[in-house]
Structures are given as structure tokens and as C-alpha cells.
Amino acid sequence: MTTHREKRCRHCGQRYSFTASGPGCDNRVNNDRYCRSCQGEILVTLRKLPIRVKLEWVEVEQPTVEMCEAWEKEWAEEHAAHDPPHFLPYGRRILPCLFDMNDMGNVNYVGIVQGRGEFKGRQFRYSTWTKKPENNTVKVAMEWNMETGDKTAFWRDL
Ligand SMILES: [Zn+2]
């Protein structure tokens, strides 16, 4: 279903139709703050400005997939104890599952979890395959400073 909402552009003041869901909602000029022509100009301008810091996922040996799964379970338990329960606990995001097109029983699960203990303050993305555990990976979020080339700082969302 397509949902349209009438909006007033925060820059030029004209009224426009914002597509909140359905076909067209992922169009790059469909924005909930700016009309199509203003948003188009914003995108053109942003293309001229350099990216200063990029998020890069780097594969690591430690922590293991099992540690990430245990942390995810801990987060879920701690937050389920809240009243009302938080269904999307902090530090965890649910990403859609992927399937192996050659073997539908081989399901990929990707989780993002905040590290604990000696890994506190770091964010990990782990990927598991139900039938091919040799393809499991754990990656840590690193900051890639595009100006200095430095890649030694851990990425933080805030
Ligand atoms: Zn506008």
C-alpha cells in the first residue's frame, strides 16, 4: 500500500506530497522535510562535499560468533525484564534473514551487538549460516578517517 502525506517544504515553503510507504518511498528525492526540487539540490551539493569518516567492518578472530550470540541473548533478557518490555533492545538491530538460493535450509542470520567485558565500547556484526558454520564471520566497526587514512579508531554511533 502506498501512503502519501502532505508536507510543507522546510526550505521553500511550498506544499508537496511525501510518499511514506509503497512505490516511490525509496526515491532519493522523496524526503519528509524537503520538496523534490529542494532535496534534489541538497543531494547535488552533498556530492561535492568530501566524506570525512566512513564506517568499515573489519573481520576479527575475537570475539567469536558464540560470544556475540551470548551477548545478544543477555541484552534481550535484560531488556525483556523492563516493564513495558523493549522489543528492540539497545545495542541490537534485527536484520532480515538471507537464504542460500542453492539450499533453502541454509539460513543466514546477521546480528549487530555491542561488545561486553574486554570488548566494551565496540560494535560487532556477526553472520551465521545454519548449515555452513565455516562461513560464519565476526566483524568489528572501525572508523576510516578519509582525510588522514587512519583506521585505528573504533566506530561509535554517537
Ligand atoms: Zn522546497
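Remember, it's a predicted structure, so these values are computed and weren't measured experimentally.

**Points about the nonpolar core**
By size, the foremost hydrophobic cluster in this structure holds 6 residues: Cys-68, Trp-71, Val-113, Phe-124, Tyr-126 and Val-138. Taken together, the elements giving at least two residues each to this core come down to α2 (65-80) and β7 (123-129).

**A closer look at the pairing of β7**
The side chains of a regular strand alternate, first on one face of the sheet and then on the other. Judged from the 7 bridges that link them, strand β6 (residues 103-114) and β7 form a sheet pairing that is antiparallel. Considered in β7, the bridge of Tyr-109 is made with Thr-128. Alignment of β7 against strand β8 (residues 137-145), held across 4 bridges, turns out to be antiparallel. In the sheet register, Phe-124 faces β8, and the bridge partner there is Val-140.

**Some remarks on unusual backbone geometry**
That bond from Gln-62 to Pro-63 is cis: its omega, 0 degrees, falls within 30 degrees of zero. By the secondary structure assignment, Pro-63 is in the loop between β3 (53-59) and α2.

**What to know about the environment of Met-1**
Summarising the element assignment, Met-1 is placed in the segment before β1 (3-8). Sequence spacing of Met-1 and Ser-21 is 20 residues, and the spatial spacing of their C-alpha atoms is 7.1 Å. Contacts of Met-1, omitting those with residues within four sequence positions, involve Ser-21 and Gly-22.

Conventions adopted
Residues numbered from 1 in each chain as written. Predicted model: local features only at pLDDT ≥ 70, side-chain atom pairs only at ≥ 80, totals over all residues. Core = buried A, V, L, I, M, F, W, Y, C linked by C-beta atoms within 7 Å. Buried ≥ 20, exposed ≤ 12 C-beta atoms within 10 Å, placed from the backbone. Helix = DSSP H or I, 4+ residues; strand = E, 2+ residues; numbered from the N terminus. Pairing = 2+ DSSP bridges. Contact = placed C-beta atoms within 7 Å.

Read these as spatial facts, not as claims about activity.
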